[in-house]
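Chains, contacts and geometry: an overview
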Amino acid sequence: MKSLATLLSATLFAATAFAADAPAVPKADLVKGAASYAAVCVACHAADGNSTVPSQAKLAQQHPEYLLKQLLEFKSGVRDNPVMKGFAAALSESDARNISWWLASQKAKPGFSKDKDTVMLGERIYRGGIADRTIPACAGCHSPNGAGIPAQYPRLSGQYAEYTAAQLVAFRDGTRKNNGVMHDVAAKMNDREIKAVADYIAGLR
């Protein structure tokens with residue numbers, strides 16, 4: 001029987017060899033990202049990624065892998081948005097990567113909930129889902145404070161309610177097709193529930 005030390009050495013060697021063979025992930029250039037962002041994105045999403053227009057997403061401090069995925073899907077048409085497709089078409093994958101990592105380095109400004117009549121409903125949905133329709137809690141994927149899970153689930157904290165509601169409706173109606181899980185969740189929600197949870201998300205810290 002091989003000794004534990006021998007087994008550990010073999011495992012470490014295999015892991016090292018695998019890592020050496022794995023393709024290197026390109027590094028982002030934040031200086032170039034800032035320049036590309038200023039040239040292409042700033043008019044709609046503001047100088048620091050904190051959009052001042054409620055229908056346009058706040059992008060500051062978003063997970064860069066998520067941003068990169070969205071930009072490339074706008075460019076390819078997987079995520080259908082004529083305005084964003086036009087801007088994304090002008091970006092190379094390297095440009096998109098640099099912009100995404102630069103935005104992730106910017107500090108997000110907090111938002112706030114506006115509708116006191118539905119904020120409790122929004123909180124119940126976000127934290128507990130809707131059991132009788134098998135709607136899962138938003139917090140399960142996007143975390144209790146809306147910070148999300150890097151590379152998998154986007155940050156929602158402080159996002160404009162108008163923008164979040166519009167995306168949920170687009171998932172529900174099938175006009176946004178780049179996330180099957182979110183389509184299945186939103187398909188079970190009515191307008192009041194969507195507006196309530198979007199408003200609650202806007203106030204998450």
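Residues numbered from 1 in each chain as written. Predicted model: local features only at pLDDT ≥ 70, side-chain atom pairs only at ≥ 80, totals over all residues. Heavy atoms only, no water.

1. Thoughts on the environment of Gly-77
Basically, it comes down to this: Starting at the N terminus, helices and strands are each numbered in turn, a helix being any DSSP run of H or I of at least four residues and a strand any DSSP run of E of at least two. Note on classification: 1.4 Å probe, protein chains only; a residue is buried when its accessible area is under 20% of the maximum for its type, exposed when over 50%, partly exposed between these limits.
Counting through the fold element by element, Gly-77 comes out in the loop between helix H4 (64-76) and helix H5 (82-89). On the accessibility criterion, Gly-77 (34% relative accessible area) is partly exposed. Along the sequence, Gly-77 and Ala-88 sit 11 residues apart, while their C-alpha atoms lie 9.8 Å from each other.

2. Quick word on the confidence of the model for the chain
What counts is decided by this rule: Confidence of the predictor at the level of single residues is captured by pLDDT, which takes values from 0 to 100. Whether two residues are in contact is decided by their heavy atoms, any of which lying within 4.5 Å being enough.
In this model, the chain carries a mean pLDDT of 91, and residues with pLDDT of at least 70 account for 89%. Note that residues 4-20 has pLDDT below 50 and, in this model, 1 contact with residues that lie over four places away or in other chains.

3. Looking at the pattern of salt bridges
As a reminder of what qualifies: Whenever Lys or Arg places a side-chain nitrogen within 4 Å of a carboxyl oxygen from Asp or Glu, that contact is recorded as a salt bridge.
Under the counting rule described, the total for this entry stands at 8 salt bridges. Of the charged contacts in the structure, one is a salt bridge between Asp-48 and Lys-109, with a shortest N-O distance of 4.0 Å. Of the two residues, Asp-48 is situated in the loop between helix H3 (42-45) and H4 and Lys-109 in the loop between helix H6 (93-104) and helix H7 (119-128); the sequence distance between them amounts to 61 residues. Among the residues examined, Lys-109 registers a relative accessible area of 49% and is labelled partly exposed. The partner of Arg-172 in a salt bridge is Asp-191, and the shortest N-O contact between them spans 2.8 Å. On the criterion of sequence distance, the pair formed by Arg-172 in helix H9 (residues 161-173) and Asp-191 in helix H11 (residues 191-202) is long-range, its members being 19 residues apart. A single salt-bridge network, built from bridges that share partners, covers Arg-172, Asp-173 and Asp-191.

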